[in-house]
Amino acid sequence: MKSVKCPTCSRKVMKYGKTRAGVQRWFCKVCHLSFTNVYNDATKIFQSFLNWLFSKKTQKDMPGQGCTFRRTTKRFWSLWPLPPKIDVSRDVVYVDGIYLSRNLCVLICCDDTHVLGWYVCRTENFRAWSNLMKRIAEPKVVISDGGTGFTKALKYVWPLASHQRCLFHAFCQVRRYITNAPKTMAGRDLLSIARNLFKVKTPEAACAWINELRNWRILYNTFLQEMTTDEYGNKRATHERLLKAENSLLKLVKQHTLFTFIEIADISVPNTNNRIEGGVNAQLRDMLRSHRGLSLERRLKAVYWWCYMHSPRPLSISEILKVMPTDKSISLIYQRFNEREKVDYSIPQWGDGLAWNELHRSTEFPTYWD
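This one's a predicted model, so the numbers in the text were calculated from it and none came from an experiment.

1. Focus on the sheet that holds strand β6 (residues 115-121)
Two modes of strand pairing occur in sheets, parallel and antiparallel, and in both the strands are linked by backbone hydrogen bonds. Here we have five strands laid out as an open sheet, ordered β6-β5-β4-β7-β8, and mixed in their pairing. The strands lining the two open edges of the sheet, one partner per strand, are β6 and β8 (162-165). Averaged over all pairs of adjacent strands, the angle between their axes in this sheet comes to 25°, without regard to strand direction. Where strand β5 (residues 104-110) and β6 come together, six bridges link them in antiparallel fashion. Bridged to Cys110 within β6 is Val115.

In structure tokens form, the structure reads like this:
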């Protein structure tokens, strides 16, 4: 058992009876100070809270059969773990978004071992992607599934980074248009060409694949030009979905994002973003599935906590409790921003649209993130 010391002079103290509540009282002979030593178990309880959150245990499995656990851990749901600022550039990073509801998405960026950043938004767009990427050092290659607004944000924030489109998502987009069992010969041939994407390993094979796609268009050009009159009297392409499937591949070829993993020889570049799909998003979905029934706000914070604890340098439990902002402190900062800008914004419950960069620069919190 640790010896009790005076909070003023840090000298050893002596027992000095007990209070009416039965709590031990201590007395310092040097300072003549009488005090009670209250044991702070917040660190231990918070660690238990995180262990439960990242496991498949229910609240009923925890000590106290749920009631005690909910009562003691309720205060931790008000904390917001902020993403760190990444100053060291990575060779390859993966980006993707996970939707918690129809209008709530968390954009995530990771490398092969850690989560580098996350940002909450309503939908994937240029502004949201830019806010996520601004706090992460520019990598050499970015692998994505082609989210809305990402290409524009990449040119604006990371202009020197190369872009590799996930081949699996490119194939899935073609399959979404023409199904897995096309009824026409042109559809079956195009699906076979899309499947051959995974066999491309060399520059020669990439050129042969592009020529195969061009020859497909030449072969079925007359068939693809057929027109149909719809119920409104407008003429439309009869095989519109086939044309969309072809255009989805041609667009990636023209953007030079389909075979970046072949063009870069000095580093190893994957051709899919399985690292974030299976290593991050799959574990997040598994965690939310194990704790289904949480409110939308708590589901968002659960994602935040998982990402933060898998970031490169997470703080210790005691430091987290000291420096992480809470719902109340964020609301106060919102009010100060509103007064400064003289704009009446409503404060979202889950922090949607929150200017995290402004919060990081705020004097309310330590400069750990900057």
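After that view of the structure, there is still more to cover.
2. Regarding the pairing of strand β4 (residues 92-101)
Summarising burial for β4: eight of the ten residues are buried, a large majority. Inspection of the sheet shows β4 paired to strand β7 (residues 141-144) by three bridges, in the parallel sense. Within β7, the position partnered with Tyr94 by the bridge is Ile143. Relative to β5, β4 is paired through seven bridges, and the arrangement is antiparallel. Paired with Val95 across the bridge in β5 is Cys109.

3. Description of the sheet that holds strand β3 (residues 33-36)
The three strands lie next to each other as β1-β2-β3, forming an open sheet whose pairing is antiparallel. Single-partner strands in this sheet number two, and they are β1 (14-18) and β3. On average, adjacent strands in this sheet sit at an angle of 35° to one another, irrespective of strand direction. The pairing of strand β2 (residues 24-28) with β3 spans four bridges and is classified as antiparallel. Considered in β3, the bridge of Arg25 is made with Thr36.

What counts and what doesn't
Residues numbered from 1 in each chain as written. Predicted model: local features only at pLDDT ≥ 70, side-chain atom pairs only at ≥ 80, totals over all residues. Heavy atoms only, no water. Pairing = 2+ DSSP bridges. Helix = DSSP H or I, 4+ residues; strand = E, 2+ residues; numbered from the N terminus. Axes fitted to C-alpha atoms, helices over the stretch in contact; angles between N-to-C directions. Buried < 20%, exposed > 50% of the residue type's maximum accessible area, 1.4 Å probe, protein only.

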